[in-house]
Every structure is written in C-alpha cells, then in structure tokens.
Amino acid sequence: MKDSRVASAISHWAPRFVSNGVMLADFEEITAALERWEDWCAAWSARAKLHEDLGKESLREGCRLTAGEHFVRAAMYYHFAKFVFVQDPVQMRAAHVKAVECYSAALPLMRPPGERVTIGPYVGVLRKPAAGRSPVLVMAPGLDSTKEELHAYAEPFLARGIATLTFDGPGQGEAEYEIPICGDYERAARVVVDWIETRSDLDAKRVAIWGVSLGGYYAPRAAAYEKRLRACIALSGPFDWAEIWDTLPELTRETFRVRSHCSDPAQAKQRASELTLRNCAKNIECPLFIVAGRQDRLVPAAHAERLARSASGPVELLMVEDGGHNANNRPYRYRSRSADWLAAQFGLPRV
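Residue numbers run consecutively from 1 along every chain, following the written order of its sequence. Selection of residues for local features in this predicted model requires a pLDDT of at least 70, selection of side-chain atom pairs for listing and counting requires 80 or more, and totals for whole chains, interfaces and linings are taken over all residues. Values shown for side chains rest on all heavy atoms present in the structure; no hydrogens or waters enter the calculation.

A. Focus on unusual backbone geometry. In this structure, the amide linkage connecting Arg111 to the following residue, Pro112, adopts the cis form with an omega of -5 degrees. Assignment of secondary structure puts Pro112 in the loop between helix H5 (89-106) and strand E1 (114-119). Backbone geometry at Asn326 places phi at a positive 60 degrees, although glycine is not the residue there. Relative to the assigned elements, Asn326 resides in the loop between strand E8 (315-320) and helix H12 (335-345). Each residue's exposure class comes from its accessible area (1.4 Å probe, protein chains only) as a fraction of the maximum for that residue type: buried when under 20%, exposed when over 50%, partly exposed otherwise. For Asn326, a relative accessible area of 4% puts it in the buried group. Numbering goes from the N terminus for both helices and strands, where a helix is a DSSP run of H or I of at least four residues and a strand is a run of E of at least two.

The structure is reproduced here in structure tokens:
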C-alpha cells in the first residue's frame, strides 16, 4: 500500500509533471516503485542525476543544444523532488540547489538563451526572443512551483516575440527561505516593474503579468494595484485562499505553512485569510485572461468565474470543461491561445 501522501501527490499532480517536462515513462517508473513519502525526494533526485549526466556527456561532445535539453529536464526532476517535500528541509534544499544549478547550466544553451538576473531581493530568469526592445511577460509561480518549472509555460510567448521574466517571489524558490509568502504580492510586482524600466532592451510600456495556481491569485492581485501592468493572465488561481483551506491536500497546507514561515497550522490558516481578491478585484482595469478547469479538485472553477465577474476591465474566461487544476491535462486547450491573446494585447502580428 502506498503512503497516503505519495498517493495524493500522484493523484493531484501527475498531469502537471508530464505537461511541464517529465517523461511519462519516468513518472510511471518512479512513482510505481514509491511506497513511502520519505523516499520521494531521493527517488526523483536519482532520476534527475541520470538526465544531468546525459547533459554533461552531451556538453563534452560539443552538442550544446542537446545538453541544454538534458539540463532543463534534470532541473524539472530535481524541482519535483523538492516541490512539496517540506518535511525534510535538508533533502529538500539539496534538491532545490541542484534544480537551480542544472537550469542555470542550461541557460546559455537554450534558444533563445536565458539570463540569470537579480531584481532587488529576488532572482529571475530573463529570456528574450530577438534583438531590440521586446514586450515582456512577468511570470509568477504558484505555492510549490518555482521559476525553473515555468520553462514549458514560457515557450509559446517566446515564440510570439514576447520576452519572459520568470522570478521567485515571496515564499517561492530561491526566496522562500528568507522571504515568507505574503498576500500583498503587488509589492514584489512593483520591484520587478521598476527593474524592467532600467533595461534598455525591454519595452517598459508593454509589460504584462502571468500566474499559475496560487500565482493565479498573485497575478491579478498585482494587476489590481500596479497600473504599469498592461495585461494579466491568471491560471486556476483562488479568489479567496482561506475559503478552500480545509479542502486542500495535507501536503499543500503544510507547504503553505512552511513557506509562509508560520509556526503551526492555526497560524497558517490565519495567514491564508490575507490572500484574497475580495476587496481589490474591482480595481483590475487592464485586460484579463482567465483559465480554469471545470474538474479542478484543488481550486474550484467558481473562483475563476467570481474573478471574471468582479474585474472592471475587459475579461476573457476560458473554462476547460474537462480540465483539472491549471488544465494541465489539456495544455493544448489554452497555452498557445493565451499567448495569442497576449500578442494581440501588445499589438504584435499574428504568427
């Protein structure tokens, strides 16, 4: 019998793993052999090392593009080794260090290449599709995702001439150890937009924000207050995090507790009440594209519908009727379409 936490992780997140870069055969082999949650991080890290070693071998042979692909895949596996493995901070952080290391190794090998950037207290990855001043999409991870996991999400935007800036905000990735989760995510967004304005290669007049899962709360929250954001894309974000707190998986609640730097579940639940769009969604005036899965078992689809009703600007709601959380089981239904929508908002030609 599998540990209930292993079963929960497989049940809730299998489509996410596969749609974001994990090979299906690897996922099936790793999870089939796992019975105890305590073994999760080590099992995923072992398979990650296989892909990391392939990357090093390809690099030695001068096959840079292939090496980059292997390093990106290794980073995803190390990331999923640590993503909600908060019960063992030592193992979790070791896997996280490797995820960052492998993704950083891949940056100069990507097409287009990536640049690791420091934005105040945060770390991000900037990828630009071409020379010249590019419009830019700021990409916010969710509760247990990081800038590295957003690689597959970024590709459709890059293909349409939009630069992507993925970054670890409060409670996320490289910031999670020192900066706790906060409800007023607009503070982080303001720092990022200020930084964009210092870059001569980015068009600060055409900046949008995107967020996935809990990032699907962060992005519209930022758009409600940071008026330099010209458009917003929100995937399966909660309208009010506290409203669904008691129905969330145990792994999710504990991960939120750790990354919000709370001492116990009661304090974490209280902190969750600070993550709400109830009093600010009406302030969202920029164009807003919302994606949700009708079959979402983590964040009910009604939260997306509530956001769509509450915003003041133009809204497009894409409800994937057979989609789960983030519609990761049906990525072809929305990933390219959301990139087409943003390209249109920026006045880019259709491609």
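B. Representation of the packing of aromatic side chains in the model. Two rings from Phe, Tyr or Trp (for Trp, the six-membered ring) form a pair when their centres sit within 6.5 Å of each other. Planes less than 30 degrees apart are called stacked, planes more than 60 degrees apart edge-to-face, and all others tilted. With the rule as written, the count across this model stands at 21 aromatic pairs. An angle of 20 degrees between the planes, with centres 3.9 Å apart, marks the rings of Phe17 and Phe80 as stacked. Here Phe17 is found in helix H1 (residues 4-19), whereas its partner Phe80 is found in helix H4 (residues 64-82), with 63 residues between them in sequence. Like Phe80, Phe17 is buried. Seen in terms of ring centroids, Phe167 and Tyr185 are 6.2 Å apart; in terms of plane orientation they differ by 45 degrees. Their pairing is tilted. Separated by 18 residues along the polypeptide, Phe167 in strand E4 (residues 163-168) and Tyr185 in the loop between E4 and helix H7 (186-196) bring together distant segments of the chain. There is no split in this pair, since Phe167 and Tyr185 are both buried. Following the ring pairs from residue to residue traces out a cluster consisting of Trp13, Phe17, Phe27, Trp37, Trp40, Trp44, Tyr77, Phe80, Phe83 and Phe85. If you follow Arg93 out to its NZ or CZ, it ends over the ring of Tyr177, 3.7 Å from the centre. Only lysine NZ and arginine CZ atoms are considered, and such an atom sits over a ring when it is within 6 Å of the ring centre and within 35 degrees of the ring normal.

C. Structural detail: the pattern of salt bridges. We count a salt bridge whenever a side-chain nitrogen from Lys or Arg sits within 4 Å of a carboxyl oxygen from Asp or Glu. The full count for this structure, using the stated rule, is 42 salt bridges. Residues Arg337 and Glu316 are paired through a salt bridge, measuring 2.9 Å at the closest nitrogen-oxygen approach. In this pair, Arg337 sits in helix H12 while Glu316 sits in strand E8, placing the two residues 21 residues apart along the sequence. Owing to a relative accessible area of 42%, Arg337 belongs among the partly exposed residues under this scheme. The salt bridge partner of Asp322 is Arg333, with a shortest N-O separation of 3.1 Å. Residue Asp322 is found in the loop between E8 and H12, and its partner Arg333 is found in the loop between E8 and H12; the two are separated by 11 residues along the sequence.

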